[in-house]
Amino acid sequence: MVKKIKEVIVVEGKSDTSRLHDCLGDVDTIETNGSALSEMTKVRIKEAQRKRGVIIFTDPDFNGNRLRTIIEKIVPDAKQAFLSRAKAVPKKSDGSLGIEHASDEDIKQALKSVYSMDDNDFKTYSQNDMIALKLIGDAKSKQRREFVGEQLKIGYTNAKQFLIRLNMLQVSPQELLEEVKKFDKEITDDSK
């Protein structure tokens, strides 16, 4: 089994996630997509903190610091990773400060003292598992994912993102199966 960073890293956007993947390999992130956090993103951050722990890693600028403050209120016991402004300067003069501009070494250094390695033996879900549970490939798959996502606090999304979130939050097979069965029972009861 390949070990990976246990905590989920909260970043501002896709370019930060991409940069962390380039630098660290398989790492899970939650993207805030700006400082106007949606209620579902707040719920996902809380759930990630409960299940795996969270590291807040935002840009070293006004908006990044503002966002960090908002997230700290949601999960006060989250770990913090910081990058200095000097290490987040874009190569082009018209860009803004950001994690995506930092070197691999600077990113690793910022995270080094706050992350831990995951040593549990969580079995990741595959597309075959999604098919077996009728979360894809069934006439009611969309409704099933919507229901299960709400129950597990991972939100509704397309099948690909749903699979990523199941694995990121390490939802147990028992927990997932229980919610799928609840949905199927509800559908059966409604059709009577």
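Please refer to the structure higher up on the page.
Residues numbered from 1 in each chain as written. Predicted model: local features only at pLDDT ≥ 70, side-chain atom pairs only at ≥ 80, totals over all residues. Heavy atoms only, no water.

As for the packing of helix α6 (residues 141-151) against helix α8 (residues 173-190)
- Between α6 and α8, the least distance of the axes is 9 Å, while the angle of their chain directions is 125°. When the interaxial angle is binned, α6 and α8 end up oblique. As α6 packs across α8, the resulting crossing turns out to be right-handed. Only Leu176, Glu179, Val180, Lys182, Phe183, Asp184 and Glu186 of α8 make contact with α6, whose side of the interface consists of Gln143, Arg144, Phe147, Val148 and Gln151.
- Residues that form the contact of α6 with α8 fall into these classes: 5 nonpolar, 2 polar and 5 charged. (Axes fitted to C-alpha atoms, helices over the stretch in contact; angles between N-to-C directions. Helix = DSSP H or I, 4+ residues; strand = E, 2+ residues; numbered from the N terminus. Parallel < 35°, antiparallel > 145°, perpendicular 65-115°, else oblique. Left-handed = near helix turned anticlockwise from the far one by under 90°. Contact = heavy atoms within 4.5 Å. Nonpolar A, V, L, I, M, F, W, Y, C, P; charged D, E, K, R; others polar.)

Describing the packing of helix α1 (residues 14-24) against helix α4 (residues 104-112)
- Closest axis-to-axis distance for the α1/α4 pair is 10 Å, and the angle between their directions is 95°. Between α1 and α4, the crossing angle belongs to the class labelled roughly perpendicular. Counting all contacts with α1, which are made through Arg19, Leu20, Cys23 and Leu24, the residues of α4 involved are Asp104, Ile107, Lys108 and Leu111.

With respect to the packing of aromatic side chains
- Counted by the stated rule, this structure contains 1 aromatic pair.
- Centroid distance Phe147 to Phe183: 5.7 Å. Interplanar angle 50°. Geometry classified as tilted. Note that Phe147 is positioned in helix α6 and Phe183 in helix α8, a separation of 36 residues in sequence.
- A relative accessible area of 15% means that Phe147 is categorised as buried.
- On the basis of relative accessible area, Phe183 is assigned to the buried category, the value being 5%. (Phe/Tyr/Trp six-rings, centres within 6.5 Å; stacked < 30°, edge-to-face > 60°. Buried < 20%, exposed > 50% of the residue type's maximum accessible area, 1.4 Å probe, protein only.)

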